[in-house]
Amino acid sequence: MEEMENKQLNFIEEIIEEDLKAGNVTEVHTRFPPEPNGYLHIGHTKAMCIDFGMALKYGGKCNLRFDDTNPTKEDVEYVDAIIEDIRWMGFDFEDRLYYGSDYSDQIYNYAVEFIKKGLAYVDDLDVEQIREYRGTLTEPGKESPWRNRGIEENLSLFTRMKNGEFENGEKVLRAKIDMASPNINMRDPVIYRIKKEHHHRTGDTWCIYPMYDFAHPLQDAIEGITHSLCSIEYADHRPLYDWVVQKAGIKNQPHQYEFARLNINYTVMSKRKLRELVEKNYVSDWDDPRMPTLCGLRRRGFTPESIRNFIELVGVSRTNSVVDWGLLEHCVREHLNKTADRVMGVLNPLKVVIENYPDDLTEEFTVENNPEMPERGTRTVPFSREIYIEQDDFMVNPPSKYFRLKPDGEVRLKNAYFIKCTGFETDETGKVTLVKAVYDPASRGGESPDGRKVRGTIHWVSAKHALDAEIRLYDLLFKVENPDEFPEGGDYKQNLNPDSLIVLPSSKVEPALADAKPGDRFQFLRMGYFCVDKDSKPGALVFNKTVGLKDTWAKIASKG
RNA sequence: UGCGGAUUGGUGUAAUGGUAGCACGACUGACUCUGGCUCAGUUUGUUAGGGUUCAAAUCCUUAAUCCGCAGCCA
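With respect to the side chain of Ser500
Right, on to step 1. Counting through the fold element by element, Ser500 comes out in the loop between β21 (467-474) and β22 (501-509).
Right, on to step 2. At a separation of 2.9 Å, a polar atom in the side chain of Ser500 contacts the side chain of Arg290.

Written out as structure tokens, the structure reads:
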């Protein structure tokens, strides 16, 4: 079995395997419980991969359950987006799409049972008073004067709460546990509150809504969840989770296990901040390719495979940690290297005239689409007297080790000819505007019969045949590792990277790209991976830079 | 100062009393019609002190540091 091959288990897998072995459970059943109050981001994919991944690995099931017990924060708008993101990530909840709000009656009935068992009471204290009575981290709380109401009175009051006879905040239902508990969550937590709000699913049916701590364990129990996986901050709530499940008399009790959230440097994950970036137009929208949202990453050109692999590499533990954004980039490169077709695109064009090449001739070269996947076949690329090369691929006074084109220097045009620079023109600022060269007809296809070597091979496009394209160069959203570190009185937004987006409006790409469709991914030879943007149209191509190729030359050059 | 969690190279993560390993990064070198890929190699680590043991990242102990918790949010 695959479990046998995979010796190194994370702590959750160990728990699951023990449960399976000991017969505590016969099948693993997990759930992915997003609250529909925002877009999913890369941080959520960790929980998603673990929740769905554990079910997959052990042949069990994973439910999608929208945790929608708070009508004031949630919206249908997000439901569809979240479903789309989960499917895009490649996870399948089959027909098990649930909403916490679907269990409103059952949860309510449990609450009534709790009252009958003397485990819950209606409290008249207001928010302020409840806070005071709760005590502090170091001092115990004290009991509410309403704590010992009779069961009948509680029942009647709770019914009247449900019937809308009280206003928001007037009364709450509390679990009767222990006001002196060292764990604040056990100091008679509120389990139902009055909210006369419209709910995105249940409409105006309810004016009382259960709190997470009461609803979640019961939802898990109702769905037959075996392992309820969540993040570390819920660890303090576990005693309450267990209390609810136990007092409710659940036969096959679900258990909660916590793991550390995913943090990544050079970005932010909080919903509040992401929202602010969108609303104040620091980015174009939730799917801006610089955003760590799944829709943003998708538009940027990231693949679900690479994200899943990233999460796999990050691992599962209970330790707070910050993962390098570079690891994510590594994962995309690795995947795209194997799968993306290669094409030639010149980001910053510089015209080269090949003076000994016939004016009216066009040749076509056959080139392979992907050296990593020969089965991807070949395509033809036109060649003519005038071509564009990258501005960075020509230097008048190059440093040593510069293998590209330079005065009197020879370079190979990928898949075409050797050319030798014979001169160049500049404008009044000294900027090179045109390069003159001659080609060696004998080097057709990129090999010279006399066996002479050229160190540099550069990409190019035929000027006559090139397609215009807009290219959007994306970089890190923040210029510092931890955007939340800023001088006194400052703000995380001052850490925004001013160069996170550079638009190149007049790049040149090869004609094979004429009918590239939004979402198509390519490797622009020597430049990086690019994805056709949704703004792209035939005749007005737009490419997003997903990630650059590793650039050894940039490293050498920066060292001087 | 209460309760709960955590601490292994630059980063992330293994080793469950018996050779501190893997991945990313960095650095060499080889190869190359992508300064990509690939391949070979190098580098850096058990928070600290004490103890048990033939043997400790692992067990005991004392401390330090970091994170979370006082919503009618999830």
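Looking at the protein's contact with RNA strand B
Right, on to step 1. Around RNA strand B, a shell composed of 67 residues is seen, among which Gln8, Glu14, Arg342, Gly445 and Thr552 lie nearest.
Right, on to step 2. Put simply, 63% of the atoms of RNA strand B that lie within 4 Å of the protein are in sugar or phosphate.
Right, on to step 3. Within the backbone of Val127, one N or O atom sits 3.2 Å away from a base nitrogen of RNA strand B.
Right, on to step 4. The contact in question runs from a sugar or linking oxygen of RNA strand B to an N or O atom on the side chain of Thr319, over 3.4 Å.
Right, on to step 5. Looking at the surface near RNA strand B, the elements with two or more residues in it are α6 (127-134), β6 (190-194), α13 (325-339) and α14 (552-559).
Right, on to step 6. Tallying contributions element by element places α14 first for the surface near RNA strand B, with five residues.
Right, on to step 7. Of the residues belonging to the surface near RNA strand B, the class tally is 22 nonpolar, 19 polar and 26 charged.

Focus: the pattern of salt bridges
Pairing of side chains with opposite charge becomes possible as their charged atoms draw close.
Right, on to step 1. Scanning the entire structure with this criterion turns up 48 salt bridges.
Right, on to step 2. Between Asp85 and Arg298 there is a salt bridge, with its nearest N and O atoms 2.2 Å apart. Here Asp85 is found in helix α4 (residues 76-88), whereas its partner Arg298 is found in helix α11 (residues 294-300), with 213 residues between them in sequence. The residues Asp85 and Arg298 share a single accessibility class, namely buried.
Right, on to step 3. Of the charged contacts in the structure, one is a salt bridge between Asp102 and Arg201, with a shortest N-O distance of 3.3 Å. Here Arg201 lies in the loop between β6 and β7 (208-210) and Asp102 lies in the loop between β3 (97-99) and α5 (104-116), a separation of 99 residues in the sequence.
Right, on to step 4. Among the residues examined, Arg201 registers a relative accessible area of 41% and is labelled partly exposed.
Right, on to step 5. Because the salt bridges share partners, they merge into one network encompassing Asp287, Arg299, Glu470, Arg472, Asp533, Lys534 and Asp535.

Topic: the domain arrangement of chain A
Right, on to step 1. Taken as a whole, chain A is organised into domain 1 (25-259) and domain 2 (341-559).
Right, on to step 2. For domain 1 versus domain 2, the separation of C-alpha centres amounts to 55 Å.

With respect to the sheet that holds strand β20 (residues 461-462)
Right, on to step 1. A sheet is described by the order of its strands in space; here seven strands give the open sequence β19-β16-β17-β18-β12-β15-β20, paired in mixed fashion. The open sheet has two edge strands with one neighbour each: β19 (457-458) and β20.
Right, on to step 2. Where strand β17 (residues 418-426) meets strand β18 (residues 432-440), eight bridges bridge the pair, whose relative direction is antiparallel. Paired with Glu425 across the two strands is Leu434, which belongs to β18.

Some remarks on unusual backbone geometry
Right, on to step 1. Despite not being glycine, Asp188 has its phi angle at roughly 45 degrees, a positive value.
Right, on to step 2. Here Asp188 shows up in the loop between β5 (172-175) and β6.
Right, on to step 3. We note that Lys401 has phi near 70 degrees; this positive angle belongs to a residue other than glycine.
Right, on to step 4. In this structure Lys401 comes out as exposed when scored by relative accessible area, which is 58%.

Remarks on the nonpolar core
Right, on to step 1. Grouped together as the largest cluster of nonpolar side chains are 52 residues, with contacts concentrated most on Ile42, Met48, Ile86, Leu277 and Phe310.
Right, on to step 2. Listed by contribution, the elements that provide at least two residues to this core are α3 (42-57), β2 (61-66), α4, α10 (271-279), α11, α12 (304-314) and α13.
Right, on to step 3. Sort the elements by how many residues they give to this core and α4 lands first, with seven residues.
Right, on to step 4. Membership of the second largest hydrophobic core comes to 35 residues, among which are Leu155, Ile191, Tyr241 and Val245.

Let's talk about the packing of aromatic side chains
Right, on to step 1. Following the criterion strictly, the structure yields 26 aromatic pairs and no others.
Right, on to step 2. Pairing Tyr212 with Tyr234 gives two aromatic rings, centres 5.0 Å apart and planes at 35 degrees, and the pair type is tilted. With Tyr212 in helix α8 (residues 212-223) and Tyr234 in the loop between β8 (227-231) and α9 (238-247), the pair connects residues that are 22 residues apart, well separated along the chain.
Right, on to step 3. For Tyr212, a relative accessible area of 24% gives the class partly exposed.

A closer look at the environment of Ser384
Right, on to step 1. Along the chain, the position of Ser384 falls in the loop between β14 (378-383) and β15 (386-390).
Right, on to step 2. For Ser384, a relative accessible area of 1% gives the class buried.
Right, on to step 3. A polar contact is formed between the side chain of Ser384 and the side chain of Ser462, at a distance of 2.7 Å.

So, the pairing of β15
Right, on to step 1. Counting buried positions along β15 gives four out of five residues, so the element sits mostly inside the fold.
Right, on to step 2. Pairing of strand β12 (residues 349-354) with β15, which is carried by five bridges, proceeds in the antiparallel orientation. Counted as the bridge partner of Val353 is Glu386 from β15.
Right, on to step 3. One ladder, built from two bridges, connects β15 with β20; its direction is antiparallel. Note on β20: the bridge partner recorded for Ile387 is Ser462.

Comments concerning the sheet that holds strand β1 (residues 29-32)
Right, on to step 1. Read from one edge of the open sheet, three strands run β1-β2-β3, paired in parallel fashion. Each edge of the sheet is formed by a strand with only one pairing partner; in this case those strands are β1 and β3. For this sheet the average axis-to-axis angle between neighbouring strands, irrespective of direction, equals 35 degrees.
Right, on to step 2. Direction of pairing for β1 relative to β2: parallel, over a ladder of four bridges. Across the sheet, residue Thr30 finds its bridge partner in β2, namely Cys62.

Focus on helix α7 (residues 151-162)
Along an α-helix, residues three or four positions apart point the same way, because every turn accommodates 3.6 residues.
Right, on to step 1. Helix length check: α7 (12 residues) gives 16 Å between terminal C-alpha atoms against 16 Å at 1.5 Å per residue, within 8%.
Right, on to step 2. Considered for burial, the residues of α7 that qualify are Asn154, Leu155, Leu157, Phe158 and Met161.
Right, on to step 3. Those residues of α7 hidden inside the fold are in contact with α5, β4 (120-123), β5, β6 and β7.
Right, on to step 4. Two residues or fewer past α7, Gly164 is found with a positive phi of approximately 80 degrees.

Some thoughts on the environment of Trp553
Right, on to step 1. With respect to the secondary-structure elements, Trp553 resides in helix α14.
Right, on to step 2. A C-alpha to C-alpha distance of 44 Å links Trp553 and Pro34, two positions 519 residues apart in sequence.

Rules used in this analysis
Residues numbered from 1 in each chain as written. Chains lettered and ligands numbered in written order. Predicted model: local features only at pLDDT ≥ 70, side-chain atom pairs only at ≥ 80, totals over all residues. Heavy atoms only, no water. Helix = DSSP H or I, 4+ residues; strand = E, 2+ residues; numbered from the N terminus. Polar contact = N/O pair within 3.5 Å; in protein donor to acceptor, adjacent residues only side chain to side chain. Near = heavy atom within 4 Å. Nonpolar A, V, L, I, M, F, W, Y, C, P; charged D, E, K, R; others polar. Salt bridge = Lys/Arg side-chain N within 4 Å of Asp/Glu carboxyl O. Buried < 20%, exposed > 50% of the residue type's maximum accessible area, 1.4 Å probe, protein only. Domains from an automatic or database assignment. Pairing = 2+ DSSP bridges. Core = buried A, V, L, I, M, F, W, Y, C linked by side-chain atoms within 4.5 Å. Phe/Tyr/Trp six-rings, centres within 6.5 Å; stacked < 30°, edge-to-face > 60°. Axes fitted to C-alpha atoms, helices over the stretch in contact; angles between N-to-C directions. Expected span 1.5 Å × (residues − 1). Contact = heavy atoms within 4.5 Å.

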